[in-house]
Amino acid sequence: MRLLCRAVFAACFSFCLSTGAHAETGYDLWLRYTPVEAQYQQQYKVTRLDAPAPSPTLRAAVAELNRGFAGMLGNAPPPENRAEMDGTLFVGTPTSSPAIAAMKLPLAALGAEGYLIRNVTRNGRKAVAIAANTDIGVLYGAFAYLRMIQSRQPITDTMSAPKTQLRILNHWDNLDGTVERGYAGASIWNWHTLPGYIDPRYIDYARANASIGINGTVLNNVNARAASLSPEYIEKTAALADALRPYGIKVYLSVRWSAPVEISHLKTADPLDPAVRNWWKNKADEIYRAIPDFGGFLVKANSEGQPGPQDYHRTHADGANMIADVLKPHHGVVMWRAFVYANDPKVDRANTAYNEFVPLDGTFRDNVVLQVKNGPLDFQPREPFSPLFGAMPKTSLMMEFQITKEYLGQQTHLAYLGPLYEEALQSDTYEHGKGSTVAKVIDGSLDHHAISGIAGVANIGNDADWSGSIFNQANWYVFGRMAWDPEISARAVAQEWTKQTFTADPAFVTPVVDMMMGSRDAVVDYMTPLGLELIMAHSHHMGPGPWDVIGPREDWKAPYYHRADAVGLGFDRTTTGSDNAGQYKGPVKEAFEDIAKTPDDYLLYFHHVPWDYKMKSGRTLWNELIARYQRGVDKVSAMQAAWAAQNSHVDAARFDKTAAFLAIQHREAIWWRDACLAYFAQFSKRPFPPGYAPKYPLATYEAMPMFASPKP
Ligand code: GCV
């Protein structure tokens, strides 16, 4: 109860801050609940709220509805049982609400998390019901109902249940408060003040996640510290679990494979050693005593220097299964990451995960799910889908997307990731012929997997606007909506988000959604067109670095990926090269294998292409490369113009910040274009068309310090 009061207080406080004449900070995200225009007041009017709330989750649903009504309609409807009139809102499950029970609504198909919104007639009066089988379903239904009002849509009969089971944020948050690849301030988890103090922000985080159906959070970085499993941190984690539980969010932890050695001084972390197994069993029992609904573990093993079972000549399956066995009695899951690659110059990095995991198909326990990044490399602006999807029918696979934009302009560049997620999810694996999409692999429907899910590497920090920029919030939002329904369209979600975050006025929504929908392709064009990959600056990945050869490993150097030489550009991944194309199936494999059939978007990913190769556009490769880089810059100019026209629709603070960031993006797009073209020109030795030569010599770009783009 104390938590709830804090939640209400925090929400009211932030609400008051954001709805007056004051500029908006962005703290309220898409839950702003600003007043509806006069012409809608009657349509959304609620005269009475009939919502018995015997549980914390139902109380959260009622609090959210009242918050929404107060903001949007000017008052919270009275709960008392007055004479029946039109406009009652009935909320609950057949168990919590006698009225809902009496309606005998068709709830069976909703499962444990779905909800139903239904226009009903009761005692001759028009009413609306938000119903579900479970309390959390009711909370999701309440948010969906509020979303309809915020979007100025009619309250239509709706039935919705999530298509995936695990809808999880992965925080790459370190115990010291820093965030790996975080661009929105420090971690929101204040480990120092936990467990004693529950920051109201945790509740607002839970509300935001529940509003889009996210039901799990991995609290700490996959590059984990053993200390996260110490008794002190388990107590802190338990406090967070208590705070998030009413909102349907389970907590999970990333674990360090060598924790038994580091914490308890065991001589080994060999998964087949009985002492090691016993250590993990005791640790699991200890965690579940503190957190009975703990979700399970996320493991990054034998990847980028992290310890793992291969250190003891065991397989990933040996490791995952040992952990799975100790979690099984508690109904916990192991999310085992497939992001592995070896520094073997003979093996293409893009091939490694497939080589290591496909032979293990069918050997994992049923509470193990492999967490696979959307592409074979590493969250690039555009990659083909990972060939693991569609290649492991006997293993549960979940998607890992990156929400934080490590490689797409980080805090400042406006890149709406909906189209990237959609492209990956709608890719056809041809596992069982046409229509075997990645979405159907990860929602479990294609191979009847025991576990389905999507993880997203969070872009959340303690910045006022949570995500570093207003438009980065859209990526958190679309991740949740697509995790709930991998078939939902990126454009539909952009429309929803825009209406709730700014205004439902079509004069704003239409051009801004168009701008968002093209924004990811703009980044592809000015950073890595035509299937170039991993040519970002060393380590921090901000800005261009096609020349980067720093570091001990070949596969951490840019030329490993672009392979520019006097002949041409690109990585031959056909049978004459690394045969990565051979890891795909059917028409996809054929298209990637044949240069004439490979889509331009993936050309340099699969082929080493001569500089004078005639492209589909009729241009040579060299001239096409120049045209693509220029197109990227032009698209950013167009985005700036589209935003500038929206001044009257947005409060000054959010308008100005976005405009300033777009100006930074434009300058950096020019930096990317000129630096990359200056670099590739030394190999192509082809002239620039008049007006396209970079302003500065290559050496100037190579010498640029981090975050210091040259004057355009
Ligand atoms: C958490 C990339 C990132 C790393 C990240 C790693 C991973 O390599 O640059 O920061 O580490 O992916 O996903 O494990």
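Residues numbered from 1 in each chain as written. Predicted model: local features only at pLDDT ≥ 70, side-chain atom pairs only at ≥ 80, totals over all residues. Heavy atoms only, no water.

> Explanation requested: the overall build of the protein chain in the structure shown.
Assigned secondary structure in the protein chain consists of 22 helices and 15 strands. The C-alpha radius of gyration of the protein chain comes to 26 Å, within 12% of the 27 Å expected for a compact globule of 712 residues. Over its C-alpha atoms, taken along the principal directions, the protein chain stretches across nearly 85 × 65 × 50 Å. A burial count over the protein chain gives 61% of its 712 residues as buried. If you take every contact in the protein chain between residues at least 6 apart in sequence, the share linking residues at least 24 apart comes to 72%. By element, 55% of the accessible surface of the protein chain is carried by carbon and sulfur atoms, the whole surface being about 25200 Å². Averaged over its 68 positive side-chain charges, the protein chain has a centre that lies 3 Å from the centre of its 73 negative ones. (Helix = DSSP H or I, 4+ residues; strand = E, 2+ residues; numbered from the N terminus. Rg over C-alpha atoms; globule rule 2.2 N^0.38 Å. Buried < 20%, exposed > 50% of the residue type's maximum accessible area, 1.4 Å probe, protein only. Contact = heavy atoms within 4.5 Å. Areas by Shrake-Rupley, 256 points an atom, 1.4 Å probe, with all protein chains shown as cover. Lys, Arg positive; Asp, Glu negative; His and termini not counted. Charge placed at Lys NZ, Arg CZ, Asp CG, Glu CD.)

> Which parts of the structure should I look at to understand the pairing of strand 6 (residues 166-170)?
Across a regular strand the side chains alternate sides, sitting on one face of the sheet and then on the other. Of all 5 residues in strand 6, 5 are buried, a share of seventy percent or more. Alternating residues of strand 6 divide into Leu166, Ile168 and Asn170 and Arg167 and Leu169, and every residue in both groups is buried. Note: strand 6 against strand 13 (residues 453-457), 5 bridges, orientation parallel. By the bridge assignment for strand 13, arginine 167 is matched with isoleucine 454. Alignment of strand 6 against strand 7 (residues 216-218), held across 3 bridges, turns out to be parallel. (Pairing = 2+ DSSP bridges.)

> What is the right way to look at the site of the ligand in this model?
Around the ligand lies a shell of 15 residues, among which Glu180, Lys300, Arg337, Lys373 and Glu406 are the nearest. Lysine 373 places a side-chain nitrogen or oxygen 2.7 Å from an oxygen atom of the ligand. Residue aspartate 378 places a side-chain N or O atom 3.0 Å away from an oxygen atom belonging to the ligand. Here the ligand has 340 Å² of accessible area as a free molecule, and 96% of this is covered by the chains. Counted by class, the shell around the ligand contains 4 nonpolar, 3 polar and 8 charged residues. (Near = heavy atom within 4 Å. Polar contact = N/O pair within 3.5 Å; in protein donor to acceptor, adjacent residues only side chain to side chain. Nonpolar A, V, L, I, M, F, W, Y, C, P; charged D, E, K, R; others polar.)

> I tried to follow the environment of glutamine 495 on my own but got confused; where do I start?
Checked against the element boundaries, glutamine 495 lands in helix 15 (residues 490-501). Taking the C-alpha atoms as reference points, glutamine 495 and valine 513, separated by 18 residues in sequence, lie 6.2 Å from one another.

> Explain unusual backbone geometry to me, please; I cannot follow it from the model alone.
If a residue is not glycine, its phi is most likely negative; likewise, a peptide bond is most likely trans. The amide bond that connects leucine 194 to the next residue, proline 195, takes the cis arrangement and shows omega of 0°. Position of proline 195 among the secondary structure elements: in the loop between strand 6 and helix 6 (200-211). Its identity as a non-glycine residue notwithstanding, tyrosine 33 has a phi of 50°, on the positive side.

> Help me understand the pairing of strand 8 (residues 250-255) in this model?
Most of strand 8 is tucked away: 5 of the 6 residues are buried. Two strands pair when backbone bridges link them, and strand 7 and strand 8 are joined in this way by 3 bridges, in the parallel orientation. Residue pairing in the sheet places glycine 216 in a bridge with lysine 250 of strand 8. Each parallel crossover has a hand, and the one from strand 7 via helix 7 (residues 231-244) to strand 8 is right-handed. As paired strands, strand 8 and strand 9 (residues 296-299) are joined by 4 bridges and run parallel to one another. (Right-handed = clockwise from strand over helix to strand, strands pointing away.)

> Please explain the side chain of histidine 607 as it appears in this structure.
Note that histidine 607 resides in the loop between helix 19 (603-606) and strand 15 (609-610). For histidine 607, a relative accessible area of 6% translates into the label buried. Setting aside residues no more than four positions away along its own chain, histidine 607 makes contact with Leu569, Gly570, Phe571, Asp572, Thr574, Phe592, Glu593, Asp594, Ile595 and Thr598.

> Any chance you could explain the sheet that holds strand 3 (residues 115-122) here in plain terms?
Through backbone hydrogen bonds, the strands of a sheet pair up, either in parallel or in antiparallel fashion. Strand order in the open sheet formed by 5 strands is 1-2-4-3-5, and the pairing between neighbours is mixed. The sheet is open, and its two borders are formed by strand 1 (48-50) and strand 5 (158-160), each paired with just one other strand. Averaged over all pairs of adjacent strands, the angle between their axes in this sheet comes to 20°, without regard to strand direction. Taken together, the 7 bridges between strand 3 and strand 4 (residues 125-131) define a ladder with antiparallel strand orientation. If you follow valine 120 over to strand 4, its bridge partner there is alanine 127. (Axes fitted to C-alpha atoms, helices over the stretch in contact; angles between N-to-C directions.)

> So what exactly am I meant to see when it comes to the nonpolar core here?
It is characteristic of soluble globular proteins that their nonpolar side chains tend to be buried jointly. If you look at the biggest cluster of nonpolar residues, it comprises 221 residues, and the most contacted ones within it are Tyr145, Trp280, Phe297, Trp476 and Phe680. In terms of residues, this core owes the most to one element, helix 21 (residues 652-684), which gives 13 residues. If near-sequence neighbours (up to four positions away) are discounted, phenylalanine 297 is found in contact with Leu229, Leu253, Val255, Trp280, Ile287, Ile323, Leu327, Val333, Val334 and Met335. Among the nonpolar cores identified, the runner-up in size contains 12 residues, and Leu110, Val120, Ala129 and Ala131 belong to it. (Core = buried A, V, L, I, M, F, W, Y, C linked by side-chain atoms within 4.5 Å.)

> Can you help me understand the side chain of serine 386 in this one?
Topologically, serine 386 is positioned in the loop between strand 11 (368-373) and strand 12 (396-402). When sequence neighbours within four positions are dropped, the list of residues in contact with serine 386 reads Val372, Lys373, Asn374, Gly375, Pro376 and Tyr584.

> Explanation requested: the environment of glutamate 431 in the structure shown.
By secondary structure assignment, the location of glutamate 431 is in the loop between helix 12 (418-425) and helix 13 (438-442). Owing to a relative accessible area of 14%, glutamate 431 belongs among the buried residues under this scheme. The sequence separation of glutamate 431 and glycine 586 amounts to 155 residues, and the corresponding C-alpha distance is 8.4 Å. Not counting residues within four places of it along the chain, the set of residues in contact with glutamate 431 comprises Gly390, Pro393, Ser436, Val441, Leu446, Asp447 and Lys585.

> So what exactly am I meant to see when it comes to the packing of helix 3 (residues 56-73) against helix 5 (residues 135-150) here?
A pair of packed helices can be characterised by two numbers: the angle between their axes and the separation between those axes. At a minimum axis distance of 8 Å, the contact between helix 3 and helix 5 shows a crossing angle of 10°. By the criterion of interaxial angle, the relationship of helix 3 to helix 5 is roughly parallel. Counted together, Thr57, Leu58, Ala60, Ala61, Glu64, Leu65, Gly68, Phe69 and Met72 of helix 3 and Asp135, Ile136, Val138, Leu139, Ala142, Phe143, Tyr145, Leu146, Ile149 and Gln150 of helix 5 form the full contact between these two elements. Across the contact of helix 3 with helix 5, the residue classes break down as 14 nonpolar, 3 polar and 2 charged. (Parallel < 35°, antiparallel > 145°, perpendicular 65-115°, else oblique.)

> Explanation requested: the sheet that holds strand 6 in the structure shown.
Pairing is parallel in the closed barrel, where 8 strands are placed in the order 6-7-8-9-10-11-12-13. Recorded for the sheet is a direction-independent mean angle of 25° between the axes of neighbouring strands. Where helix 12 meets the sheet, it contacts strand 12 and strand 13, and its direction lies at approximately 155° from that of strand 12.

> Is there a simple way to explain the pattern of salt bridges in this structure?
When the charged atoms of two side chains lie near each other, side chains of opposite charge can form a pair. Inspection of the entire model under this criterion finds 43 salt bridges. The partner of lysine 346 in a salt bridge is aspartate 344, and the shortest N-O contact between them spans 3.8 Å. Of the residues examined, lysine 346 reaches a relative accessible area of 75% and is grouped as exposed. Assessed through its relative accessible area of 27%, aspartate 344 is described here as partly exposed. The partner of aspartate 525 in a salt bridge is arginine 631, with the nearest N and O atoms 2.8 Å apart. Note that aspartate 525 is positioned in helix 16 (residues 506-527) and arginine 631 in helix 20 (residues 621-644), a separation of 106 residues in sequence. You can call aspartate 525 buried: its relative accessible area is 3%. For arginine 631, a relative accessible area of 37% gives the class partly exposed. A cluster of three or more residues bridged by salt bridges with shared partners is formed by Arg382, Glu423, Arg520, Asp521 and Asp601. (Salt bridge = Lys/Arg side-chain N within 4 Å of Asp/Glu carboxyl O.)

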